[in-house]
Amino acid sequence: MSDMSVIFAEAEVRAVRRVSSSFVRVELGCDEFAELGRETPWLDQRIKFVFPPAGGSLPHVEPVGGDWYTPWLAIPEDERGCMRTYTVRDVVGEGSDTLLVVDIVVHEPGEDGACSGPGNDWARGATVGDRVLVIAPRRGHDFGGVEWLPGDATDLLVVGDETALPAIYGILRDLPADATGTVFAEVPHRDDVLDDVVGPAGVEVVWLPREGSPRGEELRARVLAHLDRTAVDHAAATASAAALAEPDPEGDLLWETPVFSGLGEDVSTTGAADGPYAGLYAWIAGESKVVT
C-alpha cells in the first residue's frame, strides 16, 4: 500500500502502560511506520484508529485507488469495528523501528457520567501484541488534522480537559522558545497531572484536577476570570475550538475554528486587531459540553 497518500496499516502494540488514573500510553509499531511523518511539527495532529469489534478481529480492508474509507464502510457494521480519533503524542525511533505513541483516556464505566466506548474498552485491556488499524500522515503527503494556527499572536490561551491533554502536550512541545501565554488543563484526578506537559518559560500551565467536581465547572470559571480584562465582549479574540470524540463517542461534535464553522456561522470577520484582546489566540478542546 506504499502508493497511498496516507498510512493505512495494521499496527501492533509494542508497549503499553497505565501512566495515571486516566491515561493509558500505547506504543504502536509496523513496517509502514518507516514512512510515518509530516513536513512541519506534529503539534495537535489528529489520527484515526479502527478497533476490532467486540469479541472479533480486525477487518480486512483492501483500499481501491488509495481509497480505504469506502471499502471499510462496505464491511457489515458488526464486522468492521469502530473508528475513533486520537492525537499523536510522540513519534520515536527511525525506519522500521519507528513507534507511534498515543495516550488514550480511560475511565470506569459511569465515571463522570461517561459511557464505556470502544476506545476505552480496548485501551483498558490492551496488551503487547494486540493490533489496531491506524490512519496517519505519510511523509511527503498532505494529511490535514492540525488546528493550531496562531499566526503572529503574542498571547496564547490553551484550554482543554483530559481528552485534549495529548494535543496540549504536542502544542507545548513544539512552541517556539519565546512563546507566551497560559494553559488551563482540567483532568479527573491529581495523579493525572503529567510532569512532562510543559512549555517554554513564558507559558504558564495551570492544572485543574476535578476530583469529583462537575466537569468543566472550575475550568470555565478560571478561563473567564483570565479573560476578564475590561468586561468587553470575550468573543473578540481569534479562537479555535474543537470537541474530541472520546470520552463521549456517541455525542455531537462541536467544531469551530477561525476558518470553519460547524454551526454554519460567518467567520469572515473573526479576530480583533485592537482592544484588550489584541494579539490573543485561543485554542479550546475537549468533551463537547465542556467546550460549549
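Below, the structure is looked at part by part. Values in this document were obtained by computation on a predicted structure and should not be read as measured data. Here the residue numbers are simple positions, counted from 1 along each chain's written sequence. Restriction of local features to residues with pLDDT of at least 70 applies here, the model being predicted, together with a cutoff of 80 or more for giving and counting side-chain atom pairs; totals for whole chains, interfaces and linings are based on all residues. With hydrogens and water set aside, each side-chain value is computed from the structure's full complement of heavy atoms.

## Overview of the pairing of strand 2 (residues 23-29)
Every regular strand shows the same layout, with side chains that alternate between the two sheet faces. Spelled out, the test is: Using a 1.4 Å probe on the protein chains alone, a residue whose accessible area is under 20% of its type maximum counts as buried, one over 50% counts as exposed, and one in between counts as partly exposed. Under the DSSP-based scheme used, a helix requires at least four consecutive residues in state H or I and a strand at least two consecutive residues in state E, with every element numbered from the N terminus. Strand pairing follows a simple DSSP-based rule, namely that at least 2 bridges must link the two strands.
The element strand 2 is extensively covered by neighbouring structure, given that six of its seven residues are classed as buried. With six bridges connecting them, strand 1 (residues 6-18) and strand 2 associate as antiparallel partners. Residue pairing across strands places Val-16 opposite Val-26, the latter belonging to strand 2.

## Brief notes about the pattern of salt bridges
Note the threshold: Criterion for a salt bridge: a side-chain nitrogen of Lys or Arg within 4 Å of a carboxyl oxygen of Asp or Glu.
Counted according to the given criterion, the structure contains 19 salt bridges. For Glu-162, the salt bridge identified is with Arg-215, shortest N-O distance 3.2 Å. Of the two residues, Glu-162 sits in the loop between strand 8 (155-160) and helix 3 (165-174) while Arg-215 sits in the loop between strand 10 (203-209) and helix 4 (217-227), which places them 53 residues apart along the sequence. Residue classification places Arg-215 among the partly exposed residues on the basis of a relative accessible area of 23%. Here the residues in one salt-bridge network are Arg-25, Arg-89, Asp-90, Asp-103, Arg-173, Asp-174 and Asp-196, joined through shared partners.

## Some details on helix 3
Taken across its ten residues, helix 3 has eight buried, putting it largely inside the fold. Considered for burial, the residues of helix 3 that qualify are Leu-165, Pro-166, Ala-167, Ile-168, Tyr-169, Gly-170, Ile-171 and Leu-172.

## Notes on the nonpolar core
Threshold: Working definition of a nonpolar core: buried Ala, Val, Leu, Ile, Met, Phe, Trp, Tyr and Cys residues. They are joined through side-chain atoms within 4.5 Å. Contact between two residues is taken to exist if any of their heavy atoms lie within 4.5 Å; hydrogens are not considered.
Leu-28, Phe-33, Phe-49, Leu-100, Ile-104, Trp-122 and Val-134 are the most contacted members of the largest nonpolar core, which has 26 residues in total. Listed by contribution, the elements that provide at least two residues to this core are strand 1, strand 2, strand 3 (46-51), strand 6 (99-105), helix 2 (118-125) and strand 7 (131-137). The greatest single-element share of this core, amounting to four residues, is contributed by strand 1. The contact partners of Val-134, leaving out residues within four places of it in the chain, are Ile-7, Phe-8, Ala-9, Ala-11, Leu-28, Phe-33, Lys-48, Phe-49 and Leu-100.

## Brief notes about the side chain of Arg-25
Checked against the element boundaries, Arg-25 lands in strand 2. For Arg-25, the contacting residues outside a window of four places in its chain are Ala-15, Val-16, Arg-17, Val-19, Arg-89, Val-101, Val-102, Asp-103 and Leu-194.

## Considerations on the packing of aromatic side chains
To be explicit about the condition: Aromatic pairing here means that ring centres of Phe, Tyr or Trp (its six-membered ring) are within 6.5 Å. Orientation follows from the plane angle: under 30 degrees is stacked, over 60 is edge-to-face, and everything else is tilted.
All told, the structure shown has eight aromatic pairs when counted by the stated rule. Summarising the aromatic geometry, the rings of Phe-8 and Trp-68 are spaced 5.4 Å apart at their centres and angled 20° between planes, so their arrangement reads as stacked. Separated by 60 residues along the polypeptide, Phe-8 in strand 1 and Trp-68 in the loop between strand 3 and helix 1 (69-74) bring together distant segments of the chain. Grouping residues by exposure puts Phe-8 and Trp-68 together as buried. Between Trp-148 and Tyr-281 the ring centres are 5.1 Å apart and the planes differ by 85°, which places this aromatic pair in the edge-to-face class. Of this pair, Trp-148 sits in the loop between strand 7 and strand 8 while Tyr-281 sits in strand 14 (residues 280-286); the two residues are 133 residues apart in sequence, bridging distant segments of the chain. Judged by its relative accessible area of 1%, Tyr-281 is buried.

## Description of the side chain of Thr-87
By secondary structure assignment, the location of Thr-87 is in strand 4 (residues 82-87). Residue classification places Thr-87 among the buried residues on the basis of a relative accessible area of 7%. Not counting residues up to four positions away in its chain, the partners in contact with Thr-87 are Asp-44, Gln-45, Val-102, Pro-166 and Ala-167.

## A short note on the sheet that holds strand 6
Put simply, the test is: Only the contacting stretch of a helix is used when fitting its axis, a line to C-alpha atoms as for every element, and angles between N-to-C directions run 0 to 180 degrees.
Pairing in this open sheet of seven strands is antiparallel, and the strands run 4-3-7-1-2-6-5 from one edge to the other. Strands at the two margins of the open sheet, each flanked by one partner only, are strand 4 and strand 5 (90-92). Going from strand to strand, the sheet's axes swing by 35° on average, the running direction of each strand aside. Taken strand by strand, helix 2 contacts strand 1, strand 2, strand 3, strand 4, strand 6 and strand 7, and its axis lies near 115° from that of strand 6.

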